[in-house]
Amino acid sequence: MNQPTGSARAVSRQVPTGRCLACMKTLTPADIRECSACHSPLPYVSKDSTLLEPGAVLKGRYQIGRPLGSGGFGNTYLTFDLASHSVCAVKEYFLRGAAVRDRKSSLVLVEQGREHAFKRFRDSFIKEAQQLSQLGAIPGMVRVFDVFQQNNTAYFAMSYVQGQTLRNWLLEQKAPQALNDALAMVNELLDILGRVHARGILHRDISMDNIIRGSNGELTLIDFGAARQAGKPEMTVYHKGVYTAPEQKLGVTQGPYTDIYAVGVIMFALLHGRLPHEDQNRLEPLPGLPQDIQAQLDRIFRKATHPRTSARYQQTAQMRAELQQVALRADGYRLSLSRPRRDLRGMLRTPKGSREIRLKILLAVFLIFLLLLLLAIVLGDAGFYSVTD
């Protein structure tokens, strides 16, 4: 794996392309106003000033296409590798709130006073790339094959996985899925994580948005920005709603059981079509499922998401073994996800706990407003009487 190389001030350049920058398919003479493969307008353009211009070339090799995703710490682009003549993905470090982009030169300009934060998170970004490069041989992991610096920021190039997030895939399911298909996905995720844990690394950000379900049905684990070495006595506090284990909220010692907690949450979502509520410690009844199988699944969920780390599965293999025992007896049963799509979309996006917090904040603001109003009335009355006297 290449160490970060290249000039931090080197700028991107545009080169002519015979490809659609939205899908990277080769254009034909008939493709004049739109791409016949993806139906995107030609030429493909981006109006987001924080993104690289489509067609820009990094390191003289990586031609940038449409964005695949953007977050607070970076952007990921569909990319064409001019050296290998293949499609890949490039992730760019871009700290929103601390940096802006000069669209003419592609340079990332750091705001005054934010230099230290920008550098600190850039170092973490490069560390993420280096960790991923060590895990590339593991099935279910993206392969990072280049890390470099350019445009006053950092990048890494990785394999591109065609598919969609597990969350989006679940939202699109219209017919009930087989129970064993759901259990197989949980087992596949546990298998990937077990291999990652064997390298001494914790993911710490397992969620349905960080799992890609490929067009072939296989799962790929992404986004190792929060990953850390296992067994450290103290870790940074991290919170991602119902996926977050109690020890992450406290920043204390974490282990494989921390990632297993999030897998238990995903298991609930695959079985019920929605995320569990905060502190929900039981599965809900699954129509048509024999009581003994229901009880087994419920016990596995409760053990995976137990508040005490010592009561949880300590290794992914332990949870996998118990799920496989259930799968042997659950063949033929299907899950009923009859909940309306709109409701399902909301329940997968926003855990109940987050809504309750917002309601409490709104109530507190309203009470403060009433208190200030009453205080103004009292003071106003006091002023009126003093003038009269």
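Structural notes, computed from the coordinates. (Residues numbered from 1 in each chain as written. Predicted model: local features only at pLDDT ≥ 70, side-chain atom pairs only at ≥ 80, totals over all residues. Heavy atoms only, no water.)

**Things to note about a nonpolar patch on the surface**
Taken together, the side chains of Leu-363, Phe-366, Leu-367, Phe-369, Leu-370, Leu-373, Leu-374 and Ile-377 make up a nonpolar region of the molecular surface, amounting to roughly 770 Å² of accessible area. Mapped onto the elements of the fold, Leu-363 is located in helix α9 (residues 352-388). By relative accessible area, Leu-363 is classed as partly exposed at 49%. (Patch = residues over 30% accessible without salt bridge, like charges linked within 9 Å, V, L, I, M, F, W, Y side chains within 5 Å. Areas by Shrake-Rupley, 256 points an atom, 1.4 Å probe, with all protein chains shown as cover. Salt bridge = Lys/Arg side-chain N within 4 Å of Asp/Glu carboxyl O. Helix = DSSP H or I, 4+ residues; strand = E, 2+ residues; numbered from the N terminus. Buried < 20%, exposed > 50% of the residue type's maximum accessible area, 1.4 Å probe, protein only.)

**Things to note about the packing of helix α5 (residues 256-272) against helix α6 (residues 291-304)**
Look at α5 against α6: their axes get within 8 Å of each other, and the N-to-C directions meet at 145°. For the pair α5 and α6, the crossing hand works out as left-handed. Contacts between α5 and α6 involve Ile-260, Tyr-261, Gly-264, Met-267 and Phe-268 on the former and, on the latter, Leu-297, Ile-300, Phe-301 and Ala-304. Taken together, the residues of the contact of α5 with α6 break down into eight nonpolar, one polar and no charged. (Axes fitted to C-alpha atoms, helices over the stretch in contact; angles between N-to-C directions. Left-handed = near helix turned anticlockwise from the far one by under 90°. Contact = heavy atoms within 4.5 Å. Nonpolar A, V, L, I, M, F, W, Y, C, P; charged D, E, K, R; others polar.)

**Some points on the environment of Cys-20**
Tracing the sequence through the fold places Cys-20 in the loop between β1 (13-14) and β2 (56-58). The class of Cys-20 is buried, set by a relative accessible area of 0%. If sequence neighbours within four positions are ignored, Cys-20 has contacts with Lys-25, Leu-27, Cys-35, Cys-38 and Leu-42.

**Considering helix α7 (residues 316-329)**
A rise of 1.5 Å per residue sets the reference length of α7, with its 14 residues, at 20 Å; its end C-alpha atoms lie 21 Å apart and thus fit the reference within 8%. When α7 is considered as a whole, its buried residues turn out to be Thr-316, Met-319, Leu-323 and Val-326. Seen from one end, α7 has its buried residues packed into an arc of 90°, which puts them on one side. For α7, the exposed residues set more than 90 degrees away from the buried face come down to Ala-317 and Leu-328. In this fold, the buried residues of α7 make contact with α3 (179-198), α5 and α6. (Expected span 1.5 Å × (residues − 1). Arc of directions from axis to C-beta.)

**Some words on empty space enclosed by the protein**
Taken as a whole, this structure holds two cavities of 30 Å³ or more when the rule is applied. Within this model, the largest cavity holds a volume of roughly 70 Å³. Looking at the largest cavity, it is lined by 11 residues, and the ones nearest its centre are Arg-204, Asp-205, Ile-206, Tyr-243 and Gln-248. A per-element tally of the lining of the largest cavity places α5 first, with three residues. (1 Å grid on protein atoms, 1.4 Å probe; cavity = no way out; pocket = protein on both sides within 12 Å on 5 of 7 lines; lining within 4 Å. Points joined across faces, edges and corners; volume = space filled by probe spheres on them.)

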